[in-house]
Amino acid sequence: MNIIAWIILGLIAGAIAKAIYPGRQGGGILGTMILGIIGALIGGTIVTLIDTGTLQLTAASLSISGIIVAIIGAIVAIFLWNLVTGSSRSY
């Protein structure tokens, strides 16, 4: 059941992050899902770091606050991906 929750969280967070982030991002539904799951990991890790002061790889949960954290993490992931690939297209 945990895998299904991660997929749902990934789809929701990835789709919202792509809608918020300016410019055009490629990738289909699979790219959106992977982006959201990576965002959940980034967001969960950042929240754990702020909350406890320790660096642990933790994912956000499937809740309203977890979705918000995953969206923020997905936006960070989009930003980092654009930095690495050098693609800053906005059309």
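Computed from a predicted model, the values in this text were never measured in an experiment. (Residues numbered from 1 in each chain as written. Predicted model: local features only at pLDDT ≥ 70, side-chain atom pairs only at ≥ 80, totals over all residues. Heavy atoms only, no water.)

Asks: Give me the lowdown on the overall build of the protein chain, citing residues and values where you can.
Replies: Along the protein chain, the regular secondary structure elements total three helices and zero strands. Listed by position from the N terminus, the elements making up the protein chain come as α-α-α. Taking all 91 residues of the protein chain together, 32% fall into the buried category. Contacts in the protein chain between residues far apart in sequence, at least 24 positions, make up 57% of those at least 6 positions apart. Per element, the accessible surface of the protein chain, about 5,700 Å² overall, is 74% carbon and sulfur. (Helix = DSSP H or I, 4+ residues; strand = E, 2+ residues; numbered from the N terminus. Buried < 20%, exposed > 50% of the residue type's maximum accessible area, 1.4 Å probe, protein only. Contact = heavy atoms within 4.5 Å. Areas by Shrake-Rupley, 256 points an atom, 1.4 Å probe, with all protein chains shown as cover.)

Asks: Run through a nonpolar patch on the surface, naming residues and quoting values.
Replies: Where nonpolar side chains cluster on the molecular surface, the patch consists of Ile3, Ile7, Leu11, Ile29, Leu30, Ile34 and Ile38 and spans about 640 Å² of accessible area. Residue assignment for the nonpolar patch shows that the elements contributing at least two residues are α1 (2–20) and α2 (29–52). Among the elements that take part in the nonpolar patch, α2 stands out by supplying four residues, more than any other. Tracing the backbone shows Leu30 in helix α2. Assessed through its relative accessible area of 53%, Leu30 is described here as exposed. (Patch = residues over 30% accessible without salt bridge, like charges linked within 9 Å, V, L, I, M, F, W, Y side chains within 5 Å. Salt bridge = Lys/Arg side-chain N within 4 Å of Asp/Glu carboxyl O.)

Asks: Quick rundown of the environment of Trp6? Include the residues and the values.
Replies: Position of Trp6 relative to the elements: it lies in helix α1. Note on Trp6: relative accessible area 29%, which makes it partly exposed. Distance from Trp6 to Gly36, taken between C-alpha atoms, is 8.8 Å for residues 30 residues apart in sequence.

Asks: I'd like a description of the packing of α2 against helix α3 (residues 64–85), backed by residues and values.
Replies: Between α2 and α3, the least distance of the axes is 6 Å, while the angle of their chain directions is 110°. One way to sum up the angle between α2 and α3 is to call them roughly perpendicular. Touching Leu35, Ile38, Gly39, Ala40, Ile42, Gly43, Gly44 and Val47 of α2 are Val69, Ala70, Gly73, Ala74, Val76, Ala77 and Ile78, all from α3. Its residues assigned to classes, the contact of α2 with α3 shows eleven nonpolar, four polar and no charged. (Axes fitted to C-alpha atoms, helices over the stretch in contact; angles between N-to-C directions. Parallel < 35°, antiparallel > 145°, perpendicular 65-115°, else oblique. Nonpolar A, V, L, I, M, F, W, Y, C, P; charged D, E, K, R; others polar.)

Asks: So what's going on with the environment of Leu57? Which residues, and what values?
Replies: Inspection of the secondary structure puts Leu57 in the loop between α2 and α3. When its relative accessible area of 72% is taken as the criterion, Leu57 is described as exposed. Note: C-alpha distance between Leu57 and Leu41 (16 residues apart in sequence) is 6.8 Å. Those residues in contact with Leu57, other than ones at most four positions away along the chain, are Leu41 and Thr45.

Asks: Run through α3, naming residues and quoting values.
Replies: For α3, which comprises 22 residues, the first-to-last C-alpha distance of 31 Å matches the rise-based estimate of 32 Å (1.5 Å per residue) to within 8%. Within α3, burial applies to Gly66, Ile67, Val69, Ala70, Ile71, Gly73, Ala74, Ala77, Ile78 and Asn82. Trailing α3 by a residue or two, Gly86 shows a phi angle of about 75°, which is positive. (Expected span 1.5 Å × (residues − 1).)

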